[in-house]
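# A look at the structure
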Amino acid sequence: TMYGNLLFKEVTLQINDGEKIALVGSNGSGKSTLLKIMTGIEGVDEGRISISKNQEVSYLEQHSLVETTESVYDYIYNGQKEIKALANSLKELEEKLSNPETADFNKIMTRYGNLQEVFMEKNGYVVEESIKSISTGLGISYLLDQPIASLSGGQQTLAKLARCLLENKEILLLDEPTNHLDTNGLNWLENYLKHSKQTVVIVSHDRYFLDQVAQKIVYINQQKISSYHGNYSAFKIKRDQELIELEKNYNEQQKEIKQTEDAIRRFRHWGAISDNEKHFKKAKRLEANLEKLDKIEFPNKNVKKMNQGFQEKSRSGKEVIMIDKLSKSFDEIIIFEELSFPVYRKEHVAIIGGNGVGKSTLIKMILGKEKLDSGEIKVGDSVSIGYLSQVINYEDKKQTILSYFKEKVFLPDEEARRILSYFKFFKEDVFKQIGNLSGGEKVRLELASMMNQEINCLILDEPTNHLDIETREWLEEQLEAFSGTILMVSHDRYFVDKLATKRVVLENKTGKIQV
């Protein structure tokens, strides 16, 4: 129980040696807490957790800053403290041996030889090579000499991940290891974990990554835990089948409950009319049966299928955005050189490329927020653009969801609340202040606003950042139902695979088109 909320109820879970497991569930369902319980950081109210003897745990935690003065290299090396201490002793002895005035030269030389033997026995040189190969794999080798405290939060997370991998303990618990990795880093980590003999438990919103690494999905939902063999996509298929079955059973049971309630009412009515105790007894017996009934909880009762959210009010012409011989540089750095590609009506175009190739710059130029050096960007006459930025900020933070939404769409209260419920804002939710919304709530509110204006082209900059898997899948459904044009920048490979009809790959200052 945390802050009075019950997270897990009588949960039993067994993890076997060498298994690669993904923990899946919506934000707030307790995935991070479960990892902390496994590490022993977090206690349990009842029950127990046992880890087999001689098994040690490495844990990558979210959002904890490192403030030591050491270099990134030394920080990672601390994953093998004993070997690092030996390496430091060897370095001190080397310095003494290189000084011609050193007394006891032979004695020190013997000590150096003995230490070096121990160092080699413990694979010291292999560990030093591992630091280099892990940091290269994760894309942080250029940071090794820098003080760890001077790194950004994302870079620190990667250094912490490198240290966890270097520790090479039997059990590896990773809380969102994928957030700050580019495609190369993700590929490297996928391969590393696939071939590792460690038992690995991962929390991640990157479904493509989970498909590559996980052999078992542990799903946390409504305080219960269920296990599914296979990767994320296999889990998704099984889970969807279960939901169909559950809905069928739920509806049948509801019918049965209603029939029983009707019968109870009838018996009571007859009992009252005929003053016959027999009828009252029958009603009581049926009531007792109802009490005993193991009621099926239907999940997500509130989630309706929602194509109602989206109407394309006015069609655009065939040519939505035409980019022709576009060039742009900042000072001496050339970002684009004669970049050309078209976006046609109803296309879903994904802009792909590593960090720093200019994806966000390109979007700013299309929106007219950044000047071009040469070439042109033509937006069709009847095109009206809705833009979802990577960071959503609100000026009036005290405004409620409902009043913000009504300002955008000019609808009466009842109609506005009906539409907001399609976007998962139910009942009292609509009175939340927009300044207090989570990343996922902001994305839902912006989409609700855009879909109910005269918009026929959506431009999305990393729309799935900060979203849990459930919300990502909901968003995909929404976008599949949108009949206009979509231009998106996204690192989420699963999202892109599902939605993109065309990709523009930005590299070497120009773009390649893949259909």
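Since the model is a prediction, treat every value here as computed from it, not as a measurement.

Conventions we followed
Throughout this description, residue numbers start from 1 for each chain and increase along the sequence as written. pLDDT decides what is reported in this predicted model: residues at 70 or higher carry local features, side-chain atom pairs at 80 or more are listed and counted, and totals for whole chains, interfaces and linings draw on all residues regardless. To get the side-chain values, all heavy atoms of the structure are used, and hydrogens and water are removed first. Put simply, DSSP H or I for four residues or longer makes a helix, DSSP E for two residues or longer makes a strand, and each gets a number counted from the N terminus. C-alpha atoms define the radius of gyration in this analysis, and the globule rule sets the expected value at 2.2 Å times the number of residues to the power 0.38. Burial classes follow relative accessibility: with a 1.4 Å probe on protein chains only, a residue under 20% of its type's maximum area counts as buried, one over 50% as exposed, and anything between as partly exposed. Contact definition: two residues touch when any of their heavy atoms are within 4.5 Å. Residue burial considers only the protein chains on display, and all accessible areas are found by Shrake-Rupley using a 1.4 Å probe. A score from 0 to 100, pLDDT tells how confident the predictor is in each residue. By nonpolar core we mean a set of buried residues, namely Ala, Val, Leu, Ile, Met, Phe, Trp, Tyr and Cys, connected to one another through side-chain atoms within 4.5 Å. Each patch groups residues whose relative accessible area exceeds 30% and which form no salt bridge, using 9 Å between like charges and 5 Å between nonpolar side chains of Val, Leu, Ile, Met, Phe, Trp and Tyr. Whenever Lys or Arg places a side-chain nitrogen within 4 Å of a carboxyl oxygen from Asp or Glu, that contact is recorded as a salt bridge. All tallies of charge rest on Lys and Arg as positive and Asp and Glu as negative; His and the ends of each chain are not included. By convention, charge coordinates are those of NZ in Lys, CZ in Arg, CG in Asp, or CD in Glu. Fitting a line to C-alpha atoms yields each axis, with helices limited to the stretch in contact; the angle taken between N-to-C directions then spans 0 to 180 degrees. Here the word oblique covers every angle except those under 35 degrees (roughly parallel), over 145 (roughly antiparallel) and from 65 to 115 (roughly perpendicular). Take the far helix as your reference; a near helix turned counterclockwise from it by less than a right angle gives a left-handed crossing, and one turned clockwise gives a right-handed crossing.

## Examining the overall build of the protein chain
- The secondary structure content of the protein chain amounts to 16 helices and 15 strands.
- Its C-alpha atoms give the protein chain a radius of gyration of 30 Å, clearly above 24 Å, the size a compact globule of 515 residues would have.
- Structurally, the protein chain occupies a C-alpha span of about 115 × 70 × 40 Å along its principal axes.
- Of all 515 residues assigned to the protein chain, the portion counted as buried reaches 44%.
- Within the protein chain, contacts between residues separated by at least 24 positions form 69% of all contacts whose residues are at least 6 apart in sequence.
- Accessible surface, the protein chain as shown: approximately 28,100 Å² in total, 47% of it carbon and sulfur.

## Digging into the confidence of the model for the protein chain
- Per-residue confidence for the protein chain gives a mean pLDDT of 86, with 95% of residues at or over 70.
- Within the model, pLDDT remains below 50 along residues 301-307, and this stretch shows eleven contacts once partners closer than five positions in the same chain are excluded.

## Regarding the nonpolar core
- Membership of the largest hydrophobic core comes to 53 residues, with the highest contact counts inside it found for Ile76 and Leu193.
- Per-element tally for this core: the top contributor is helix 6 (residues 153-167), with seven residues.
- With 38 residues, the next largest nonpolar core counts Leu402, Phe405, Tyr422 and Met450 among its residues.

## As for the environment of Ser196
- Here Ser196 lies in the loop between helix 7 (183-195) and strand 4 (199-203).
- Accessibility expressed as a relative area gives 14% for Ser196, which makes it buried.
- Put simply, Ser196 and Thr102 are 94 residues apart on the chain and 46 Å apart in space, counted from C-alpha to C-alpha.

## Some remarks on a positive patch on the surface
- Taken together, the side chains of Lys278, Lys281, Lys282 and Arg285 define a basic patch exposed on the protein surface.
- Along the chain, the position of Lys282 falls in helix 10 (residues 277-292).

## With respect to unusual backbone geometry
- At Asn168, a residue that is not glycine, the phi angle is positive and equals roughly 55°.
- Structurally, the position occupied by Asn168 is in the loop between helix 6 and strand 3 (171-175).
- The residue Lys346 is not glycine, and still its phi comes out positive at about 75°.
- With respect to the helices, strands and loops of the structure, Lys346 is situated in the loop between strand 8 (333-344) and strand 9 (348-352).

## A word on the packing of helix 3 (residues 81-97) against helix 4 (residues 105-121)
- Where helix 3 meets helix 4, the closest approach of the two axes is 10 Å, and the angle between their N-to-C directions is 155°. Relative to helix 4, helix 3 is oriented roughly antiparallel. The way helix 3 lies across helix 4 gives a crossing that is left-handed. Along the contact surface, helix 3 presents Ile83, Leu86, Ala87, Ser89, Leu90, Leu93, Glu94, Lys96 and Leu97, while helix 4 presents Phe105, Ile108, Met109, Arg111, Tyr112, Leu115, Gln116, Val118 and Phe119.

## Things to note about a negative patch on the surface
- A contiguous patch of negative charge, built from Asp324, Glu337, Glu338 and Glu376, is present on the exposed surface.
- Checked against the element boundaries, Glu337 lands in strand 8.
- For Glu337, a relative accessible area of 40% puts it in the partly exposed group.

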